[in-house]
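# Reading the structure
Each chain is listed here by its residues.
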Amino acid sequence: MNKLGLFQNIRVYWLAFIVYWGIVLFGYDTGIGGGVVSQGYFKSHFGLTNPDGSANTKKSNDVSSNVVSVLQAGAFFGALGSAPISAWIGRKWSLFGWTVIFAVGAILQTVAGGSRGLGYIYAGRVIAGIGIGAISAVAPAYVSECSPKDVRGRITGLFQIMVAIGVMISYFINLGISLHIKSGPAVWRIPFGFQLVPAGILAFGLLTVKESPRWLASKGRLDDAIRNLAYMRRLSPDDERVRAEMAEIEAAIEEEREARKGLGLREAFFGKGNFIRFVIAVVIFLLQQWGGQNSVNYYAPQIFQSIGYSGTSNSLLASGIYGIVKVVATALFVFFLVDSLGRKLSLFISSMGMGILFFIIGALLKTYPPPTDPSAQPPPASKAMAAMLYLYVCFYSMGWGPLPWVYVSDIFPTRTRHYGLATASASQWLFNFVLSKVTPDMVTDLGYKIFLMFATINIGGMATFSLAIPETKGRSLEEMDIIFGSVSADQRQADIARQERALEHDINETTSERSIEQKV
């Protein structure tokens, strides 16, 4: 880097900061549902209690799973629909449009109550889900395409920090309401209405950032692409580093066009070296969802109740602490370890740590069942299990939290990246939907066995998978084609040299034209 040093990539960090407010929404929306439904007034207002006023577990589980899972169902379709639209109008303006759609859903959820029943919340969650699903697919593609390779892992890893911050905010808003607002529609209107804050920051912030140079280059707008790339790198458009990076981007796009000329969607998925990338993208999110973290995420209050933190405020406070631990652990990993440990080792250590801790929690819960008295303070065994969950989320945050998104952003070439990330995101939401629908019943029916099930998946599935995938640390997006066999290393070098010569020729022509003009 040059004398700008630390601030060389400040514009890329700013872009990531703005775009990832959409990801705060993702985290906030996933964490808020379970907490709202666990509030006493919400249950009585929407008829989730028995005639004598006692809790109706079956009804409560059903509505809880519906409020959380219809968001994932909408997000599944949003993620799939995002690919053709972001390819057509660009990353920036497609994100803006999806944010507006999300805001409509947030307003519908907020106005529910009185004559406007649960249907408004369900409809609002589906519409907001469509927006969130699309944002979750477009945002990492946009940030990844704008980031230089030496800091791409760190910048794309911000995704998971923003998810964790969103989840943490949702826990503490629910805790504040359980402590200070016992009744009235504000119990759900404040948490649902708050969604409009990050949505507003994202919408207005998008007006301050530039379009992706890689997308512009793929549309043939090379002058705009070079200008935007130079702006993001804080260098002159004639700087050799900008020209070299642009040559690499163009070489990759040109190769893809040549290799896939006249071929459509089928080739995007089944072209040489592509299908295995889609398999990895789907499997990595299947395993991430079934590793147990999102069950804890969505239903933290219920999970903490199941291990002995009875009473709404007790379980929400334990959830809030869990949210803080998650943010701190994720931030430490993303800023200090992600580019030093490498992807494979981080994923392996993460899955082994999570599995071992879940086995310990399952064994403790079997040996020391929680007290049945709802007013009792959590016993030592419950505190030990809560401590294990806090340790567990540290291991999650150093691997399987941030890295699947980083890894999937790493492996796709420019032309198919929007399809790759949309497929990854859609599969993530699909497995999310299934998991969030069944978790409340699994917590009630399985008890301690749910932790043993997740532990087995962590060690048997996730640890094994992490050893089988190729390492991507320190490789440029364009080098992935070589790793996955789409193009040979010799061919790529020849293409880069040809593009550099073409750019050199353009610069020389421009320079000579200027000197002729000056002489005239």
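Thresholds, definitions, all that
- Residues numbered from 1 in each chain as written.
- Predicted model: local features only at pLDDT ≥ 70, side-chain atom pairs only at ≥ 80, totals over all residues.
- Heavy atoms only, no water.
- Helix = DSSP H or I, 4+ residues; strand = E, 2+ residues; numbered from the N terminus.
- Rg over C-alpha atoms; globule rule 2.2 N^0.38 Å.
- Buried < 20%, exposed > 50% of the residue type's maximum accessible area, 1.4 Å probe, protein only.
- Contact = heavy atoms within 4.5 Å.
- Areas by Shrake-Rupley, 256 points an atom, 1.4 Å probe, with all protein chains shown as cover.
- Lys, Arg positive; Asp, Glu negative; His and termini not counted.
- Charge placed at Lys NZ, Arg CZ, Asp CG, Glu CD.
- Salt bridge = Lys/Arg side-chain N within 4 Å of Asp/Glu carboxyl O.
- Patch = residues over 30% accessible without salt bridge, like charges linked within 9 Å, V, L, I, M, F, W, Y side chains within 5 Å.
- Axes fitted to C-alpha atoms, helices over the stretch in contact; angles between N-to-C directions.
- Parallel < 35°, antiparallel > 145°, perpendicular 65-115°, else oblique.
- Left-handed = near helix turned anticlockwise from the far one by under 90°.
- Nonpolar A, V, L, I, M, F, W, Y, C, P; charged D, E, K, R; others polar.
- Phe/Tyr/Trp six-rings, centres within 6.5 Å; stacked < 30°, edge-to-face > 60°.
- Lys NZ or Arg CZ within 6 Å of the ring centre and 35° of its normal.
- Expected span 1.5 Å × (residues − 1).
- Polar contact = N/O pair within 3.5 Å; in protein donor to acceptor, adjacent residues only side chain to side chain.

## A few points about the overall build of the protein chain
Helix and strand content of the protein chain: 25 helices and 0 strands. Scaling as 2.2 N^0.38, a compact globule of 520 residues should have a C-alpha radius of gyration of about 24 Å, and the protein chain matches this with 24 Å. Expressed along its principal axes, the backbone C-alpha trace of the protein chain runs to roughly 95 × 45 × 45 Å. Counting every position in the protein chain, which comprises 520 residues, the buried fraction comes to 56%. Long-range pairs, those at least 24 residues apart, make up 83% of the contacts in the protein chain between residues at least 6 apart in sequence. Working note: accessible area of the protein chain is about 20000 Å², and carbon and sulfur atoms make up 66% of it. Charged side chains in the protein chain number 45 positive and 36 negative. The centres of these two groups are separated by 8 Å.

## Details of the pattern of salt bridges
Applying the stated criterion to the full structure yields 7 salt bridges. Between Arg 91 and Glu 145 there is a salt bridge, and its shortest N-O distance comes to 2.7 Å. With Arg 91 in helix H5 (residues 91–110) and Glu 145 in helix H6 (residues 118–146), this residue pair connects regions lying 54 residues apart in the sequence. Of the two residues, Arg 91 and Glu 145, neither departs from the other in class, the shared state being buried. A salt bridge links Asp 224 to Arg 221; its shortest N-O distance comes to 3.2 Å. Classification of Asp 224 by relative accessible area gives partly exposed; the value is 23%.

## Re a nonpolar patch on the surface
A surface patch of nonpolar side chains, amounting to about 640 Å² of accessible area, comprises Phe 172, Ile 324, Val 328, Leu 332, Phe 335, Phe 336 and Leu 337. Examining the composition of the nonpolar patch, we find that 5 residues originate from one element, helix H17 (residues 312–336), more than from any other. With respect to the helices and strands, Phe 172 occurs in helix H7 (residues 152–180). For Phe 172, a relative accessible area of 33% puts it in the partly exposed group.

## Re the packing of helix H19 (residues 343–367) against helix H21 (residues 403–411)
In contact at an axis separation of 11 Å, H19 and H21 are set at 155° when each is read in the N-to-C sense. Here H19 lies roughly antiparallel to H21, going by the angle between them. The crossing of H19 and H21 is left-handed. Here Arg 343, Ser 346 and Leu 347 of H19 lie close against H21, whose contacting residues are Leu 403, Val 406, Tyr 407 and Asp 410. For the contact of H19 with H21, the per-class residue count stands at 4 nonpolar, 1 polar and 2 charged.

## Points about the side chain of Glu 245
By the element assignment, Glu 245 lies in helix H12 (residues 240–259). Sequence-distant contacts of Glu 245, defined by excluding residues within four places in its chain, comprise Leu 229 and Arg 233.

## Regarding the packing of helix H1 (residues 10–19) against H6
For any two helices packed against each other, one specifies the crossing angle of their axes together with the interaxial distance. Contact geometry of H1 with H6 gives a least axis separation of 10 Å together with a crossing angle of 180°. Considering their axes alone, H1 and H6 lie roughly antiparallel with respect to each other. Side by side, H1 and H6 meet where Val 12, Leu 15, Ala 16 and Val 19 of the first sit next to Ala 139, Tyr 142, Val 143 and Cys 146 of the second. Across the contact of H1 with H6, the residue classes tally to 8 nonpolar, no polar and no charged.

## Focus on the packing of aromatic side chains
Scanning the entire structure with this criterion turns up 16 aromatic pairs. Between Tyr 322 and Tyr 390, the ring centres sit 6.5 Å apart and the planes meet at 40°, which makes this aromatic pair tilted. Of this pair, Tyr 322 sits in helix H17 while Tyr 390 sits in helix H20 (residues 380–397), and the two are 68 residues apart along the sequence. Both residues of the pair, Tyr 322 and Tyr 390, belong to the buried class. The side chain of Arg 11 reaches across the aromatic face of Tyr 231, ending 4.2 Å from its centre. Its guanidinium or amino end placed over the ring of Tyr 231, Lys 210 lies 5.0 Å from that ring's centre, counting from NZ or CZ.

## Some remarks on H6
Between its first and last C-alpha atoms H6 spans 41 Å; for 29 residues at 1.5 Å apiece the expected length is 42 Å, and the two agree. Across the 29 residues of H6, 22 count as buried, placing the element largely inside the fold.

## Considering the side chain of Ser 94
Structurally, the position occupied by Ser 94 is in helix H5. Residue Ser 94 is classed as buried on the basis of its relative accessible area, which comes to 2%. From its side chain, Ser 94 meets the backbone oxygen of Gly 90 in a polar contact 2.8 Å long. Polar side-chain contacts of Ser 94 include one of 3.1 Å to the backbone oxygen of Arg 91. Apart from residues no more than four positions distant in its own chain, Ser 94 is found in contact with Ile 85, Ser 86, Ile 89 and Val 138.

## What to know about unusual backbone geometry
Positive phi is not limited to glycine here, since Arg 234 has a value of about 60°. Take Arg 234: it is sitting in the loop between helix H11 (222–233) and H12. We classify Arg 234 as partly exposed; its relative accessible area is 29%.

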